[in-house]
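So the chains spell out like this:
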Number of protein chains: 2
Amino acid sequence: MTAEENPPVGLRERRRRETLREVADAALTLFEERGVAATTVDEIAASAGISPRTFFRYYPTKEHALFHEDAEYRAIRVGLLDDVRGGADLAAAIQHAWVRLFDDFDRRPEIRARVLRVRRVIESEPMLLARAVTNDIDNADELIDAAVDAAGAHADVLTIRATVAAMDAIIRVVFGEWVRRSELGDAASAGGIYREVIAGLAPLGAHLSRDAAE
Amino acid sequence: MTAEENPPVGLRERRRRETLREVADAALTLFEERGVAATTVDEIAASAGISPRTFFRYYPTKEHALFHEDAEYRAIRVGLLDDVRGGADLAAAIQHAWVRLFDDFDRRPEIRARVLRVRRVIESEPMLLARAVTNDIDNADELIDAAVDAAGAHADVLTIRATVAAMDAIIRVVFGEWVRRSELGDAASAGGIYREVIAGLAPLGAHLSRDAAE
DNA sequence: GAGTACATGGCAGTGACTGCCAAGTTGGCG
DNA sequence: CGCCAACTTGGCAGTCACTGCCATGTACTC
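So, here is what we can say about the structure in this document.

Rules and cut-offs
Residues numbered from 1 in each chain as written. Chains lettered and ligands numbered in written order. Predicted model: local features only at pLDDT ≥ 70, side-chain atom pairs only at ≥ 80, totals over all residues. Heavy atoms only, no water. Helix = DSSP H or I, 4+ residues; strand = E, 2+ residues; numbered from the N terminus. Expected span 1.5 Å × (residues − 1). Buried < 20%, exposed > 50% of the residue type's maximum accessible area, 1.4 Å probe, protein only. Least-squares fit on C-alpha atoms with pLDDT ≥ 70 in both. Contact = heavy atoms within 4.5 Å. Salt bridge = Lys/Arg side-chain N within 4 Å of Asp/Glu carboxyl O. Polar contact = N/O pair within 3.5 Å; in protein donor to acceptor, adjacent residues only side chain to side chain. Nonpolar A, V, L, I, M, F, W, Y, C, P; charged D, E, K, R; others polar. Near = heavy atom within 4 Å. Axes fitted to C-alpha atoms, helices over the stretch in contact; angles between N-to-C directions. Parallel < 35°, antiparallel > 145°, perpendicular 65-115°, else oblique. Left-handed = near helix turned anticlockwise from the far one by under 90°.

What about helix H5 (residues 90-107) of chain B?
Here H5(B) is 18 residues long and its end C-alpha atoms lie 26 Å apart, about the 26 Å a rise of 1.5 Å per residue gives. Regarding H5(B), the residues found buried are Leu90(B), Ala91(B), Ala93(B), Ile94(B), Gln95(B), Ala97(B), Trp98(B), Leu101(B), Phe102(B), Asp104(B) and Phe105(B).

Here we look at the relation of the copies chain B and chain A
What connects the two chain copies is a rotation about an axis and a shift along it. Overlaying chain B with chain A gives an RMSD of 0.2 Å, the required rotation being 180° about an axis along which the chain moves by 0.3 Å. Put plainly, the chains are arranged around a two-fold axis. Every residue of chain B has its C-alpha some distance from the rotation axis, and the shortest such distance is that of Gly205(B), at 1.8 Å. By residue overlap, the copies meet face to face through one surface: 100% of the interface positions of chain B are interface positions in chain A.

Focus: the interface of chain B and chain A
The interface of chain B with chain A comprises 41 residues on the first partner and 41 residues on the second. Between the two partners, chain B and chain A, sit one salt bridge. With its nearest N and O atoms 3.9 Å apart, the salt bridge here joins Arg161(B) to Glu177(A). Viewed at the interface, chain A and chain B are joined by zero residue pairs in polar contact (both at pLDDT 80 or more). Elements represented by at least two residues in the side of chain B that touches chain A include exactly H5, helix H7 (126-151), helix H8 (157-183), helix H9 (190-200) and helix H10 (202-213) of chain B. Here the side of chain B that touches chain A takes 14 residues from H8(B), the largest share from any one element. Each residue belonging to the side of chain B that touches chain A can be placed in one class, and the counts come to 25 nonpolar, eight polar and eight charged.

Let's talk about the protein's contact with DNA strand C
DNA strand C sits among 19 residues. The nearest are Thr40(A), Arg53(A), Thr54(B), Arg57(B) and Tyr58(B). Sugar and phosphate atoms constitute 56% of the interface atoms of DNA strand C, taking the interface as everything within 4 Å of the protein. The contact in question runs from a base oxygen of DNA strand C to an N or O atom on the side chain of Arg53(A), over 2.7 Å. Listing elements by their share of the surface near DNA strand C, those giving two or more residues are helix H1 (11-34) and helix H3 (52-58) of chain A together with helix H3 (52-58) of chain B. Top contributing element to the surface near DNA strand C by residue count: H3(B), with four residues. For the surface near DNA strand C, the per-class residue count stands at six nonpolar, five polar and eight charged.

Side note on the packing of helix H1 (residues 11-34) of chain B against helix H6 (residues 109-124) of chain B
Residues and elements named next belong to chain B. Remark: H1 packs on H6, axes separated minimally by 10 Å, with the N-to-C direction vectors making an angle of 55°. Considered as vectors, H1 and H6 are oriented oblique to each other. As for the relative orientation of H1 and H6, their crossing is left-handed in sense. Between H1 and H6, the contacting residues are Arg 21, Ala 24, Asp 25, Leu 28, Thr 29, Phe 31 and Glu 32 on the first element and Arg 114, Arg 117, Val 118 and Val 121 on the second.

Printed below as a string of structure tokens:
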């Protein structure tokens, strides 16, 4: 008996996931080849072997097909939520989650390669960057709720929001730089870039803690 | 002779600016009344007294009509660019520019009211929030270039990028909180919220400068 | 006052996305 | 096995955002 996830995986569900993935791959490839604007939903659907009407039952917009969340990504996110709900320091937990993902990139080239392809397309079109940001915002809301719950009655929601927003912004910069360097042929490590950014931000950090003391 | 801007303001240009503004107002009002998705370009155009075809000669998408940049805003941005090009500390200059704008809000209720209306609509639709972020990113590029120029040969572009991104993220949180509180009937001051956020971020700042020292 | 550059509006076309309906599949159950 | 119910798919028609093209008007130039 091949071990599958236990209860909620019927045969239908597995097919659905396969199709989801195939459509995402088709979209990614076409986006890379001819750009996002020049790719029609009809083409993506044809390339994935489904009708255009069905495409929209899998993804609400053509851009969404690019943001198919792979398993590793999801695992990291769930782990982060657990940590935070368990009372971990918010900023440290976020940092830990991303560093873990970045380390994964260095260890597993096939994951690294796919994420890099996706991020490269994202950086190439402002529209996609916008969608990526809305994704970040959605995820952030979940994280903020978790942190608020963990902090209990005396939760400082505003600070929690600001912390998450700042960390997200930093991560976006890391991805941007990662793509930029890789396009220059530099096989940069995302984790390395992250550490560079943190180091560079030390003066700003000092500035922040000083300002508050006034 | 009424003092106008000197060289590049013909009669045509003035009309254009008026129309730009009228269209933006029409869009804002309709968005507030019935939501962004439920408002068609035809309605906005009709309400502003132009044809739909002409609408697209003023704004590339219906969302863009919301992001009409008013004079105060532009003045602040230009001032910031000058400061940075003049060699001012980047984070301090950004902070200074925003605080100046926030103080303007407290002093001039009509500006405050309009910005608040716009931000309220923005916060109500994730897509608009995303557009706002991409706008910020575009403006950021200009600012980053200025900072890089000012720093000369030994400019640390990555740190500059990260600094600007982090500050932008913080400002977005401020606007979000400002809208949230104002919807609760609380006539909050954006400047006050900014100071609250900075104070709350002190531990994160300390965290950042400590991490870098490791 | 004529000529030119530009702004406007209409028209037709493409492409994203939705609701609706008909046909095919799948899964459960007697 | 056979049958019903639930679900999935694809086609069709419709709305709306947005674009290129062209004819007509309006503003600046000399």
